[in-house]
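# Fold and contact review
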Amino acid sequence: MKKMTLPDLRSQADFLTGDALVAHLQSFELTPKFSAGIWFFSPADSRFHAKYKQNESIEARLEIAASLKDYGLDALEAHYPYEIDESNLKLWKDFTRDTGIRLLTVIPLLFYDAEFEFGSLSNPDDQIRQMAIDRTIRSLHLGQELGCEFSVVWPGIDGYENPFGINLAHMRRRFAEGLAEALDAAPGARIAFEPKPYEPRGRILYSLTPEGVLLGQQVEAMLKHEENRSLLEDGHKLVCMNPEIGHLLMGFEDIAYALSWPLSEGRLAHTHWNSQPLGNYDQDLNVGLISPEQMEAGLYVLKMHGYNGWYGLDINPERMPVDTALKISMDALRAASDRVNHLDHQLIVEAVEAPSQHRGLLEAYMIRARAPQTINLPSIQETLASVRPQ
């Protein structure tokens, strides 16, 4: 059995301030490398309207992906056993060999099957729960065979609507123990956990980013396999995170603050990008369409921590071709990263670390950094002329 290719995430947790932080920000550049979920290359079912596009086979989806290689799509993500399984493994291997587009993650599908009506890894029925554990183990093994970096785990069906009388601590414990069992059955594998506050359940377990960090700590404390213990003792994390921007905003989380949690522990294995109105249902809109200032703040904290991982695109382009939506989203991330890379990092760090001496400086600077070149704003010095240290 091959092992997953585990990128070393430990430097994410390096704590820098002052001149050291400025030097890092000036030398480290965000350079997005893109992955995409193969699931949204074909239209999803909806409760409210017919599909606006025809269903696409896996072969047709892979053909679309191959056409985007030169535009910057370098990896795909797929669920086991719906988009990838033993029956089409040769198709995937041939595709990755012929195109150079890698398969980044094999995701255990733990939310769709009717058997998971009352949960997957947290299910009170031991037989159904074991089905979920076995599927997670198989996904991890398949990811190891294919050289994947991690397996995303999203507990979309593990939750509740009516909290009355539910043994919530027991639900969480069963979920965490299930993950630990799967990881010990596939030593050297890594999980990237993806929180979401609600939908399809009224409330989902481990639904916010700090809860995902806590889950990682809990599961890692349960691991027993010698190889896993050795990796943990060397400072590597095996239960990492895959925050999705839309899910953060559904939970009214601030993107920069949320991303700083896994980064501060060296747990950010992957990121999922889209855009989303604050709160609301999960819309998976194109990247950068809504709240671009939140996106920029999130990118800046990635830059501060030296994130060099993947930028996964998880969108739902109902009303445009999927290749068009992917190009728009890649363009949005490239443009935002370029803006962030070329900011005055010395000014930003000084304004943040000595706020009483730089009242209004950061705000005035960001207005100018975002302003079109066609407008001639007064100088920062003129804007702040009346400001005095207090």
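The rules behind the values
Residues numbered from 1 in each chain as written. Predicted model: local features only at pLDDT ≥ 70, side-chain atom pairs only at ≥ 80, totals over all residues. Heavy atoms only, no water. Helix = DSSP H or I, 4+ residues; strand = E, 2+ residues; numbered from the N terminus. Polar contact = N/O pair within 3.5 Å; in protein donor to acceptor, adjacent residues only side chain to side chain. Contact = heavy atoms within 4.5 Å. Phe/Tyr/Trp six-rings, centres within 6.5 Å; stacked < 30°, edge-to-face > 60°. Buried < 20%, exposed > 50% of the residue type's maximum accessible area, 1.4 Å probe, protein only. Pairing = 2+ DSSP bridges. Axes fitted to C-alpha atoms, helices over the stretch in contact; angles between N-to-C directions. Core = buried A, V, L, I, M, F, W, Y, C linked by side-chain atoms within 4.5 Å. Salt bridge = Lys/Arg side-chain N within 4 Å of Asp/Glu carboxyl O.

## Some points on the side chain of S337
By the secondary structure assignment, S337 is in helix α11 (residues 322-341). Reaching out from S337, the side chain makes a polar contact with the backbone oxygen of L333 at a distance of 2.8 Å. Beyond its immediate sequence surroundings of up to four residues, S337 is in contact with L30, P32 and L299.

## Quick notes on the packing of aromatic side chains
Two descriptors summarise a pair of aromatic rings, namely the distance from one centre to the other and the angle between the planes of the rings. Enumeration according to the criterion identifies 11 aromatic pairs in this entry. Taken together, a centroid distance of 6.5 Å and an interplanar angle of 80° make the contact between W39 and F40 edge-to-face. Like F40, W39 is buried. The rings of W39, F40 and F41 are connected pair by pair, giving a single aromatic cluster.

## Describing the sheet that holds strand β4 (residues 151-153)
Overall, parallel pairing links the three strands, which are arranged β4-β6-β8 in an open sheet. With partners counted over all chains shown, the strands left at the sheet margins are β4 and β8 (239-241), one partner each. Looking at each pair of strands side by side, their axes are set apart by 40° on average, direction ignored. Where strand β6 (residues 191-193) lies against β8, three bridges are found, and the strand directions are parallel. From the neighbouring strand, F193 faces β8, where its bridge partner is M241. Helix α5 (residues 168-185) contacts β4, β6 and β8 of the sheet and is inclined by roughly 155° relative to β6. Across the face of the sheet, helix α6 (residues 209-222) comes into contact with β6 and β8 while running at roughly 165° to β8.

## Looking at the environment of W39
Within the secondary structure layout, W39 lies in the loop between β1 (33-37) and α2 (58-67). When the C-alpha positions of W39 and H79 are compared, they lie 7.9 Å apart, and in sequence the two are 40 residues distant. Excluding anything up to four places from it in sequence, W39 contacts R61, E77, A78, H79, E83, I107, H272 and D314. Looking at W39, its side chain comes within polar contact range of the side chain of D314, at 3.2 Å.

## Here we look at the nonpolar core
Counting residues in hydrophobic clusters, the biggest one holds 78 residues, and the most contacted among them are F41, L76, W273, L299, L302 and L326. Counting residues per element, this core draws most heavily on α11, at eight residues. In this structure, F116, V153, Y206 and L223 belong to the second largest nonpolar core, which totals 31 residues.

## Examining the pattern of salt bridges
If you walk through the whole model with that rule in mind, you get 22 salt bridges. With a closest N to O distance of 2.9 Å, E220 and R267 form a salt bridge. With E220 in helix α6 and R267 in the loop between α9 (255-264) and β9 (271-273), this pair connects stretches of sequence that are 47 residues apart. The class of E220 is buried, set by a relative accessible area of 7%. On the basis of relative accessible area, R267 is assigned to the buried category, the value being 2%.

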